[in-house]
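# Structural description and commentary
One letter stands for each residue in the lines below.
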4 protein chains.
Amino acid sequence: MIIVMKTGATERQIQDVEKVLEELGFQTHPIYGAVKTVIGAIGDRRLVEAHSIDHMEGVENIVPIMSPYKLVGRELIHDNTVVKVGDVTIGGEELIVMAGPCAVEDEDQLMSTALKIKEAGAKVLRGGAFKPRTSPYSFQGLEEEGLKLLAEVGRETGLKTVTEVVDTRDVELVSRYADILQVGARSMQNFKLLTECGKSQKPVLLKRGLSATIEEWLMAAEYVVSAGSSNVILCERGIRTFETATRNTLDINAIPVVKELSHLPIIVDPSHATGNWRWVDAASRASIAAGADGLIIEVHPDPSRASSDGQQSLKPDKFANLMKSLKPIAKAVDRAL
Amino acid sequence: MIIVMKTGATERQIQDVEKVLEELGFQTHPIYGAVKTVIGAIGDRRLVEAHSIDHMEGVENIVPIMSPYKLVGRELIHDNTVVKVGDVTIGGEELIVMAGPCAVEDEDQLMSTALKIKEAGAKVLRGGAFKPRTSPYSFQGLEEEGLKLLAEVGRETGLKTVTEVVDTRDVELVSRYADILQVGARSMQNFKLLTECGKSQKPVLLKRGLSATIEEWLMAAEYVVSAGSSNVILCERGIRTFETATRNTLDINAIPVVKELSHLPIIVDPSHATGNWRWVDAASRASIAAGADGLIIEVHPDPSRASSDGQQSLKPDKFANLMKSLKPIAKAVDRAL
Amino acid sequence: MIIVMKTGATERQIQDVEKVLEELGFQTHPIYGAVKTVIGAIGDRRLVEAHSIDHMEGVENIVPIMSPYKLVGRELIHDNTVVKVGDVTIGGEELIVMAGPCAVEDEDQLMSTALKIKEAGAKVLRGGAFKPRTSPYSFQGLEEEGLKLLAEVGRETGLKTVTEVVDTRDVELVSRYADILQVGARSMQNFKLLTECGKSQKPVLLKRGLSATIEEWLMAAEYVVSAGSSNVILCERGIRTFETATRNTLDINAIPVVKELSHLPIIVDPSHATGNWRWVDAASRASIAAGADGLIIEVHPDPSRASSDGQQSLKPDKFANLMKSLKPIAKAVDRAL
Amino acid sequence: MIIVMKTGATERQIQDVEKVLEELGFQTHPIYGAVKTVIGAIGDRRLVEAHSIDHMEGVENIVPIMSPYKLVGRELIHDNTVVKVGDVTIGGEELIVMAGPCAVEDEDQLMSTALKIKEAGAKVLRGGAFKPRTSPYSFQGLEEEGLKLLAEVGRETGLKTVTEVVDTRDVELVSRYADILQVGARSMQNFKLLTECGKSQKPVLLKRGLSATIEEWLMAAEYVVSAGSSNVILCERGIRTFETATRNTLDINAIPVVKELSHLPIIVDPSHATGNWRWVDAASRASIAAGADGLIIEVHPDPSRASSDGQQSLKPDKFANLMKSLKPIAKAVDRAL
């Protein structure tokens, strides 16, 4: 940690800061420049949270040097984490595709979708039972009924299942039915929910918040891991920017950056990241080429009648074509699909 | 609602869209241009949520005309909502200032702060008992112990109290102790929490999310009001932009825009909106001049020893000076302080 | 064009707007809803620019239906534009890679780089002679001396050349030396410069502005084309967002969106889009997989001694490896490299 | 400047970096932490621009300590700059309001506006002769004819004049007619234009770019000042964010931040910062309350017939009312109007 003193900070102010740092257990190393003084402080940055050094007289700002996450970073754990969900592994050589409708609507819809995505090569079935909707007047999901349908179709088809949990009170319920718990973009900093999901021991698919920095996203993963579950799958789903031609802006750079900073697997949701089925193919291919460990894609048998997010859903035949087109790209980056 | 058809859409495609709209209960009015056709649709936009018309052949996009919120908008309710908390009214002629520490730490800290802010003219005491912190290793608040201290100090000083609730499971608990429930920026789209807060019948202080549009923010308020509480106070606390010199960017424009779109009161949190106590004064004065109904400001007796957000906290004497400087500005915009 | 009237707009106000529209040459089609009235207006949206209808009594806002660009859009021209620079074609089946140093420094540096990128498969040599630098104290480029070196090395190696022009006064000079004129991100809305470049008849590489929407970018291209040059190559180079882990955010979605809206070729600059050589490979592969027509990459023989942007420059051997890795991805999307 | 070495950087890598820094004239101070090493480097940061240290083996990143601007910062010049334009002073005790139409259209329009804004208390007449328009098909301004009208009306009314210059070739021409040269938001990083404006010795009104950080804005001012003109007036005009309810987001925080970092005066353009005349009053009052040195406001006698930006223009009587309402706010912050 580096403490930058203001231009004109007095010797007394510098000594006061040093004294406080030493009381907090840091070793201090002041460097006197012609105009400014900076103080290098060696120790655990977390200790300083109990003291607002940046409020002391003469302090301009504080520059952290160490990353704030420990368990999800590469500094302590160098090998990639491979998340196992039964016989499905995420983060290994094989790329994993998750697919299915935005919301679980009825058994026919779900079963017909499941059979088709399985045939096309998907390994995990997605489908929302609890839907966080911007409007209180929109369809909010089938809740436990939806979870049951999802579990049943998963069992019959042999697909693993992933579904969103939005409320701490539902973690136990959702854990009973689903193979993977999804924490949505809007819940990425619902820290109580992250903790409950971590305690559940279930694998967690952690979507990036709409305006979350990569560091904040990894800190959210740190909450889950520190609560007990090391099986976290990160999911880039587009960030909010000024561009309005697309629903979100897929931050493709995040893939190599996360791979460098963290050992956790990362997949991409091209449906939300673009907001339009016409651009899902391009975004999917780009994600695999950039090094993602998989994809989660919205597929609906009749998107014009979907109860949610129809505009960004692929029809099953288009999904099958996309899967075919991904194979040579996967091979080009030494992955299997 | 306007449905814009693609250039080259066929007569058949146009008729199909009209047919679906009519089945959904809309009246349709096609307008044939030289290059493009648009279809005006009169009816309840919410009906269309059950049908993804934008996925139909030939449809380019859909332009909503009516705002999606009903209860919080000015279309049905023209008069300003005045929220009453005992003898304190928010949204009336008088401006209301809420102040106090970021986190409740101990009785001495809270009581000494409370006495000073009251003397300076504040009417509501703020203080966090449940703190949503980016890092799992940071201080997370005193929880029920903090709520008790807050209630006690409120009772002794005659100040009303506001504190954040972050978990649906805690709404009942927090409601027992606090006069106003705060929903924080990170929880703005925690729809289950919004619903629980609405059911509690307590006044709700609803902070704007870091990357929430004004429309999304009003939709979040719609959740609370539709669940039963019409006493919602909006709070602008800065949005996330590319600028890094400040912690957030105070969206001062939001004040007149919200006043035009909604009848709910709006206050500003200049502490989070700037992230630095040195800029809190300017932001506070600007907010009152722009028409805000009040402020919520972090005040701490010794910011350099605050357990959270010390950098943006004012010392009590600086807060008192700020309050004095706000009086002539309040008068200039025909408000009392 | 749709004019949305305010709730409560009077019949008189509606008629006034209709009258003005008709005077401007529009056909009008009012649609009366239960709460709101909208007026469909058929005609040339440009006509309305001479009249601020949105300032008339009772008008809420105006929704354009037609895209504002004509020459660069797909509405009139359906076939892809293929830009020819001698025997090099951009936008055809073959992918084109441009490479070279950020700034032209000296002949040795440029020649050794040129020979290596040519060997690796690049077809165009890049190198800045006029550098737009954030600081007036940074190296501003060799100017005409740099142009001469670039032309000479281009001639000797058989590579085409591209270099930035930043001043209307230099367009003629730069046109004498370079094969392609580059308009940088900071100049994307320097409309006088766009016009001069269009008049020069040289192919123009038009970078997207840091905060330009896709529509604004296409409008900038419209300036160039309407001034006389139909040979415009768009270049996505990352946009500015809240994320600070990377220099910019590569908007990978822009590739399929631009391909849908415009017939112009689009390439990607992964060096600026990431800001760090370690992530250039992933961004390059993603861009090709998403459908880009080529890349422009910074390559420097000794990045640690580059006079500009060393951090994002690849060494020649890493560039050669990247080019090899792109071949199977190009093939997977039916392109040649 | 602090060089942060990667976790696991070798002693050899650390020594190599130190050696290069010393060759560049820095004094080095390594600090060895348990996990990471950082090297404090004392000297002129500009020296390092000639060497990409961040590309050396083992280097993670570089943290600058000194601000990159010298002439416009407070480190060397503590007193506020007061820009004098004849008998009008900007940055002193008196607040200065500039007003007038977006574009100069004809003599009647300009003269009638000028007389009214003068009566209301404005001191400077604004009016565009060269208009940077997003569309090549929009009105581009009257050019020299407009300059002549502006100068004539200025002379007759005794108002000073400000108008935009968009092309290096026009700086001499515009300087002949106008009292203040305006550099628009889209030209903020047109460094050649900044230099020409600086050389002209005329006062320069420098608008902030749509996505410019405060640091980049001050660096643009540094270009002007280092070219010869110390009379720079900064102008906050709103930044681009995700919010679409307003044309731009007025960054009100920028006022106290700029006042702290720089000695230059800063004014606000509430017309562009909101994009709608209905919100100009609130934004103007907020700007004065936050400490701005003045305003520049679009006023048009018949906004519905303005050739540009009618939606954000005030009518003269509304402008006069606004001016009255600003007086008590000015007084509240110890300024005169």
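Residues numbered from 1 in each chain as written. Chains lettered and ligands numbered in written order. Predicted model: local features only at pLDDT ≥ 70, side-chain atom pairs only at ≥ 80, totals over all residues. Heavy atoms only, no water.

## A closer look at the overall build of chain A
On a plain count of helices and strands, chain A comes out with 10 helices and 14 strands. Dimensions along the principal axes, computed over C-alpha positions, put chain A at roughly 75 × 45 × 40 Å. Expressed as a percentage of the 337 residues in chain A, the buried residues total 65%. In chain A, 67% of the contacts between residues at least 6 apart in sequence involve partners at least 24 apart. (Helix = DSSP H or I, 4+ residues; strand = E, 2+ residues; numbered from the N terminus. Buried < 20%, exposed > 50% of the residue type's maximum accessible area, 1.4 Å probe, protein only. Contact = heavy atoms within 4.5 Å.)

## Description of the pairing of strand β11 (residues 204-207) of chain C
The side chains of a regular strand alternate, first on one face of the sheet and then on the other. Residue and element names in this part refer to chain C. Here β11 shows no split at all, with Val204 and Leu206 on one side and Leu205 and Lys207 on the other all buried. Note: strand β10 (residues 180-183) against β11, three bridges, orientation parallel. Along β11, the bridge assignment pairs Val183 with Leu206. Regarding the hand of the β-α-β motif, the stretch spanning β10, helix α5 (residues 191-200) and β11 is right-handed. In this sheet, strand β12 (residues 232-236) lies alongside β11 in parallel orientation, the contact comprising four bridges. By the bridge assignment for β12, Val204 is matched with Val232. Crossover connection from β11 via helix α6 (residues 214-226) to parallel β12: handedness right-handed. (Pairing = 2+ DSSP bridges. Right-handed = clockwise from strand over helix to strand, strands pointing away.)

## Looking at the relation of the copies chain A and chain B
Relative to chain B, chain A is turned by 180 degrees and slid 0.0 Å along the rotation axis, the superposed coordinates differing by an RMSD of 0.0 Å. Each copy turns onto its partner about a two-fold axis. Judged by C-alpha distance, Ser211 of chain A is the residue of chain A that lies nearest the rotation axis, at 3.0 Å. Residue by residue, 100% of the interface of chain A is reproduced at the interface of chain B, so both copies engage with the same surface. (Least-squares fit on C-alpha atoms with pLDDT ≥ 70 in both.)

## Comments concerning unusual backbone geometry
Backbone geometry at Gln201 of chain B places phi at a positive 70 degrees, although glycine is not the residue there. Taking relative accessible area as the criterion, Gln201 of chain B reaches 54% and is therefore assigned exposed.

## Digging into the packing of helix α6 (residues 214-226) of chain A against helix α7 (residues 254-261) of chain A
Packed helices, taken two at a time, are described by their axes: the angle between them and the distance between them. All names here are of chain A. Axis separation between α6 and α7 bottoms out at 11 Å; the angle between their running directions is 50 degrees. If you check the angle between α6 and α7, you find them oblique. Like other packed secondary-structure pairs, α6 and α7 cross with a definite hand, here right-handed. Together, Ile214, Trp217 and Leu218 of α6 and Ala254, Val257, Val258 and Leu261 of α7 make up the contact between the two elements. In terms of residue class, the contact of α6 with α7 is built from seven nonpolar, no polar and no charged. (Axes fitted to C-alpha atoms, helices over the stretch in contact; angles between N-to-C directions. Parallel < 35°, antiparallel > 145°, perpendicular 65-115°, else oblique. Left-handed = near helix turned anticlockwise from the far one by under 90°. Nonpolar A, V, L, I, M, F, W, Y, C, P; charged D, E, K, R; others polar.)

## Concerning the packing of aromatic side chains
Residues and elements named next belong to chain D. With the rule as written, the count across this model stands at four aromatic pairs over all chains. Here Phe191 and Tyr223 contribute two aromatic rings whose centre-to-centre distance is 4.5 Å and whose plane-to-plane angle is 25 degrees, an arrangement assigned as stacked. Of this pair, Phe191 sits in helix α5 (residues 191-199) while Tyr223 sits in helix α6 (residues 214-226), and the two are 32 residues apart along the sequence. As far as burial versus exposure is concerned, Phe191 and Tyr223 are alike and both buried. (Phe/Tyr/Trp six-rings, centres within 6.5 Å; stacked < 30°, edge-to-face > 60°.)

## Some remarks on the relation of the copies chain C and chain A
The two copies are related by a screw motion: chain C maps onto chain A through a turn of 180 degrees and a shift of 0.0 Å along the axis, at an RMSD of 0.0 Å. Mapped onto chain A, 100% of the interface residues of chain C again fall at the interface, so both copies present the same surface.

## Some remarks on the interface of chain C and chain A
The interface of chain C with chain A comprises 36 residues on the first partner and 36 residues on the second. Counting each side, the surface lost to burial between chain C and chain A is near 2,700 Å², with a carbon and sulfur contribution of 68%. On the chain C side of the contact with chain A, Phe242, Asn253 and Trp279 of chain C bury the most area, a combined 21% of that side's loss. Here chain C and chain A share four salt bridges between them. Across the pair Glu243 of chain A and Arg208 of chain C runs a salt bridge whose closest N-O atoms are separated by 2.7 Å. For the pair chain C and chain A, the number of links is 12 residue pairs in polar contact (both at pLDDT 80 or more). Listing elements by their share of the side of chain C that touches chain A, those giving two or more residues are α7 (254-261), α8 (270-274), α9 (280-290) and α10 (316-332) of chain C. For the side of chain C that touches chain A, the element with the most residues is α9 of chain C, which contributes six residues. Here the residues of the side of chain C that touches chain A sort into 21 nonpolar, eight polar and seven charged. (Buried area = accessible area lost by both parts, 1.4 Å probe. Salt bridge = Lys/Arg side-chain N within 4 Å of Asp/Glu carboxyl O. Polar contact = N/O pair within 3.5 Å; in protein donor to acceptor, adjacent residues only side chain to side chain.)

## Section: the interface of chain A and chain B
On the side of chain B, 52 residues touch chain A, which itself brings 52 residues to the contact. Both faces considered, chain A and chain B share a buried interface measuring about 4,700 Å² in area, 46% of it formed by carbon and sulfur atoms. Area buried by chain A at its contact with chain B is led by His55, Tyr137 and Lys192 of chain A, which between them contribute 15% of it. Residues Arg169 of chain A and Glu196 of chain B are paired through a salt bridge, measuring 3.3 Å at the closest nitrogen-oxygen approach.

## Some words on the pattern of salt bridges
All chains considered together, the criterion is met by 72 salt bridges over all chains. Between Asp293 of chain A and Arg335 of chain A there is a salt bridge, with the nearest N and O atoms lying 2.5 Å from each other. Placement of Asp293 of chain A in the loop between α9 (280-290) and β14 (294-298) and of Arg335 of chain A in the segment after α10 (316-332) is noted, with a sequence separation of 42 residues between them. Each member of the pair, Asp293 of chain A as well as Arg335 of chain A, is classed as buried. Within the structure, one salt-bridge network assembled from shared partners comprises Asp167 and Arg169 of chain A together with Glu196 and Lys199 of chain B.

## Description of the nonpolar core
By size, the foremost hydrophobic cluster in this structure holds 158 residues, and its most contacted members are Leu206, Leu234 and Phe319 of chain A together with Leu206, Leu234 and Phe319 of chain C. Met111 of chain B together with Val204, Leu234 and Leu326 of chain D belong to the second largest nonpolar core, which has 155 residues in total. (Core = buried A, V, L, I, M, F, W, Y, C linked by side-chain atoms within 4.5 Å.)

## Looking at a negative patch on the surface
Taken together, the side chains of Asp106, Glu107, Asp108 and Glu156 of chain A define an acidic patch exposed on the protein surface. Structurally, Asp106 of chain A can be placed in the loop between β7 (96-100) and α2 (107-120). (Patch = residues over 30% accessible without salt bridge, like charges linked within 9 Å, V, L, I, M, F, W, Y side chains within 5 Å. Areas by Shrake-Rupley, 256 points an atom, 1.4 Å probe, with all protein chains shown as cover. Lys, Arg positive; Asp, Glu negative; His and termini not counted. Charge placed at Lys NZ, Arg CZ, Asp CG, Glu CD.)

## Some details on the confidence of the model for chain A
Within chain A, residue pLDDT values average 93, and 98% of them lie at 70 or more. We note a pTM of 0.94 for the whole complex and an ipTM of 0.93 for its interfaces. (pLDDT = per-residue confidence, 0-100.)

## Thoughts on the sheet that holds strand β4 (residues 59-63) of chain A
Residue and element names in this part refer to chain A. The strand order across the open sheet formed by four strands is β2-β3-β1-β4, and the pairing between neighbours is antiparallel. With one partner strand each, in any of the chains shown, β2 (27-32) and β4 form the two edges of the open sheet. If you compare each strand with its neighbour and ignore which way they point, the axes differ by 20 degrees on average. Note that β2 and strand β3 (residues 37-42) share six bridges and pair antiparallel. For Pro30, the partnering residue across the bridge sits in β3 and is Ile39. In this fold helix α1 (residues 11-23) packs onto β1 (2-5), β2, β3 and β4, with an angle of close to 160 degrees to the strand it touches most, β2.

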